[in-house]
Amino acid sequence: MSNIPRDLQYTKSHEWVRTLANGTLEIGITDHAQHALGDLVFVEVPETGREVNAGDGCAVVESVKAASDVYAPVSGAVTEGNAALVDTPELVNTDPYGAGWLLRLRPQKAAGSAGLMSADAYAKHLESEAS
Amino acid sequence: MGLKTPLYARHVEMGARIVDFGGWDMPVNYGSQIEEHHAVRRDAGMFDVSHMCVADLRGARVRAFLRQLLANDVARLQSPGKALYSCMLRADAGILDDLIVYFLSESWFRMVVNAGTRDKDLDWIRQHAAAFEVAVTERKDLAMIAVQGPKAREKAATRIPAAHRAAALELGTFVGAECGDLFIARTGYTGEDGWEVMLPAERAVAMWNAWSEAGIKPCGLGARDTLRLEAGMNLYGSDMNEATHPLESGLAWTIAWEPAERDFVGRAALAKVKAQGSARKLVGVLLEDRGVLRSHQKVITAGGDGEMTSGTFSPTLERSIGLARVPAGTGAQVQVDIRGKLLAARVVKPPFVRNGRPLVS
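Residues numbered from 1 in each chain as written. Chains lettered and ligands numbered in written order. Predicted model: local features only at pLDDT ≥ 70, side-chain atom pairs only at ≥ 80, totals over all residues.

Here we come to the overall build of chain A. Summing up its helical and strand segments, chain A has 4 helices and 9 strands in all. Tracing chain A from N to C terminus, the helices and strands come up as β-β-β-α-β-β-β-β-β-α-α-β-α. Relative to the compact-globule value of 14 Å for 131 residues, chain A shows a C-alpha radius of gyration of 14 Å, a close match. For the C-alpha atoms alone, the extent of chain A along its principal axes is close to 35 × 35 × 25 Å. Within chain A, the fraction of its 131 residues that count as buried is 44%. By sequence separation, contacts in chain A at least 24 residues apart represent 64% of the contacts at least 6 residues apart. (Helix = DSSP H or I, 4+ residues; strand = E, 2+ residues; numbered from the N terminus. Rg over C-alpha atoms; globule rule 2.2 N^0.38 Å. Buried ≥ 20, exposed ≤ 12 C-beta atoms within 10 Å, placed from the backbone. Contact = placed C-beta atoms within 7 Å.)

Attention now goes to the sheet that holds strand S7 (residues 67-71) of chain A. Residues and elements named next belong to chain A. The strand order S4-S6-S7 describes an open sheet built from 3 strands, whose pairing is antiparallel. This sheet does not close on itself; its edge strands, each paired only once, are strand S4 (40-44) and S7. Within this sheet the neighbouring strands show an average axis-to-axis angle of 25°, counted without direction. The sheet contact formed by strand S6 (residues 57-63) and S7 spans 5 bridges and is antiparallel. Bridge assignment links Gly57 to a residue of S7, and that residue is Tyr71. (Pairing = 2+ DSSP bridges. Axes fitted to C-alpha atoms, helices over the stretch in contact; angles between N-to-C directions.)

A word on the domain arrangement of chain B. Residues and elements named next belong to chain B. For chain B, the domain assignment lists domain 1 (1-231) and domain 2 (246-358). The distance between the C-alpha centroids of domain 1 and domain 2 comes to 25 Å. Secondary-structure elements contributing two or more residues to the side of domain 1 that touches domain 2 are helix H2 (33-42), helix H3 (62-69), strand S5 (83-89) and helix H8 (221-230). Its residues assigned to classes, the side of domain 1 that touches domain 2 comprises 13 nonpolar, 7 polar and 9 charged. (Domains from an automatic or database assignment. Nonpolar A, V, L, I, M, F, W, Y, C, P; charged D, E, K, R; others polar.)

All names here are of chain B. Spatial ordering of the open sheet is given by S10-S11-S12-S9-S3-S13, a layout of 6 strands whose pairing is mixed. Strands with a single pairing partner mark the edges of an open sheet, and in this sheet they are strand S10 (176-179) and strand S13 (217-218). Sheet topology places strand S3 (residues 45-48) next to strand S9 (residues 142-148); 4 bridges connect them, and they run antiparallel. Residue pairing in the sheet places Asp48 in a bridge with Ile145 of S9. Contacting S3, S9 and S13, H2 runs over the sheet at an angle of about 115° to S3.

With that settled, the discussion passes to the interface of chain B and chain A. Taken together, the 13 residues of chain B in the interface contact 9 residues of chain A. In terms of residue class, the side of chain B that touches chain A is made up of 3 nonpolar, 7 polar and 3 charged.

What follows covers the nonpolar core. If you look at the biggest cluster of nonpolar residues, it comprises 78 residues, and the most contacted ones within it are B:Leu89, B:Val101, B:Phe109, B:Met144, B:Ile145, B:Val147 and B:Val197. For this core, the element with the most residues is strand S6 (residues 95-105) of chain B, which contributes 8 residues. If sequence neighbours within four positions are ignored, B:Phe109 has contacts with B:Leu57, B:Val62, B:Leu66, B:Val101, B:Tyr102, B:Phe103 and B:Leu104. One finds A:Val17, A:Ala59, B:Val283 and B:Val334 within the second-largest nonpolar core, a separate group that totals 51 residues. (Core = buried A, V, L, I, M, F, W, Y, C linked by C-beta atoms within 7 Å.)

A few words now on the pairing of strand S4 (residues 53-58) of chain B. All names here are of chain B. Taken together, the 6 bridges between S4 and strand S7 (residues 108-113) define a ladder with antiparallel strand orientation. Looking at S7, one finds that Cys53 is bridged to Val113. Here S4 runs beside strand S8 (residues 135-138); their pairing, made up of 4 bridges, is antiparallel. Along S8, the bridge assignment pairs Asp56 with Thr137.

Attention now goes to the environment of A:His32. Secondary-structure assignment places A:His32 in helix H1 (residues 31-37). Excluding residues that lie within four positions of it along the chain, A:His32 makes contacts with A:Ser2, A:His14 and A:Leu126.

Confidence in the prediction of chain A, expressed as mean pLDDT, is 92, and 95% of residues score 70 or more. In the model of chain A, helix H4 (residues 119-130) of chain A stands out as the element of lowest mean pLDDT, 93, in contrast to strand S3 (residues 25-29) of chain A, which has the highest, 97. (pLDDT = per-residue confidence, 0-100.)

Moving on, we come to the pairing of strand S2 (residues 24-29) of chain B. The side chains of a regular strand alternate between both faces of the sheet. Residues and elements named next belong to chain B. For S2, the tally of buried residues reaches 5 of 6 residues, placing the bulk of the element in the interior. Sheet topology note: the strand S1 (residues 17-21)/S2 ladder contains 5 bridges and is antiparallel. The partner of Phe21 across the bridge, within S2, is Trp24. What sits between the antiparallel neighbours S1 and S2 is a turn of 2 residues, in which Gly22 has the positive phi angle 55°.

Right, let's get into unusual backbone geometry. Residue and element names in this part refer to chain B. Along the chain, Glu258 connects to Pro259 via a cis peptide bond; the corresponding omega equals -5°. Structurally, the position occupied by Pro259 is in the loop between H8 and helix H9 (267-276). The omega torsion of the bond from Pro350 to Pro351 falls at 5°, within 30 degrees of zero and hence cis. Structurally, Pro351 is set in the loop between strand S19 (341-348) and strand S20 (353-354).

This is the structure we're talking about:
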């Protein structure tokens, strides 16, 4: 059973979103996603300032086997990419909800994270994908 | 629901992640592909390769038949058990498959061909065998397990019948022998020492468990792919196929041109290519920038574009490596287009790693 923290929001494409105190959003991929991808060996994060639209590819995570796009859960401007992942991409495997975060962005609208799933809804989504 | 090997249920019990591989439900890893890779480079790992197709060819004229069918020459096989790697070509020299053939007796050879090509291969072989009165029997009753790594033979030998242990450990490189109901061959697809063992399908689970207890780590097809690529070995369907010929696939060494009168299938077409000089070649590529090479990425060279045919992250070298088909005149430096960025890469001669040691830096 994969780990789905209750205090985060989720997308169908297996990204998680954490709302930080200053209103920016921290984004990563879920435990389920990192497990499905396997050992990560390369992560490409976006440059600061880049504008992304919801649903756009905003990062790439590569396991030994394949490259996968990470999609922006909401529209906004990138405030920071996780520089630690350049040398230690495996942080996404070992700590997907913590040190393995991918990027932070300032959402376009104040209610930027509306429309994302709760932990319960994401757990149901995983069940429906598995069946 | 895909095809399943006799070990399928055991893989699931051992926590394997199962993926479709050419119609077969196969383990891609049992947790960490990188750990499995290192186990084979440093100690011992094992792979279920029962999806591959084993075929026995029997008949008084089987040697003459194979000298016509294969681009390498089975006349080189003089002592029983000796194996040969060869391409099987179409008349236009396109590669139908790559395979290993064992000489077992003057009336019995054994072939191991790829899983994904089994039906077309068997059709092709039978079509050409008729004139030589050679009978082709697919050995669906056999499973196959590859044990690979510097400690693989030593560990595996502890769990085979004592009566066969010494003989099995004495097998030379690229030689196989029947050891009771096991057929043990000192071959592999990893660049390490080891065996590929064929055995009755109903004994596969017991053998797998015994070897697991002996400290041989179960490994999935993911590690098998990174190991073969580090070893500079081609994968059929990725690095070559029916639209490519051996001289542009790094396989010139497998073509037996002598004796000149041996008229193997594809010879005339391939001789023409050889006379003109192949326009393309298959090379090793080492990425100098950060990123991961993958098949189908565009390779930019001074003499025109080429294409990556395989690419991965090399766990041994901790950087990305691959194989690419490029214009014949390509020099030492190329660029690879990865998601629109042109990254620097160096052309090198495979293998990248052999017997645990990096050969490039």
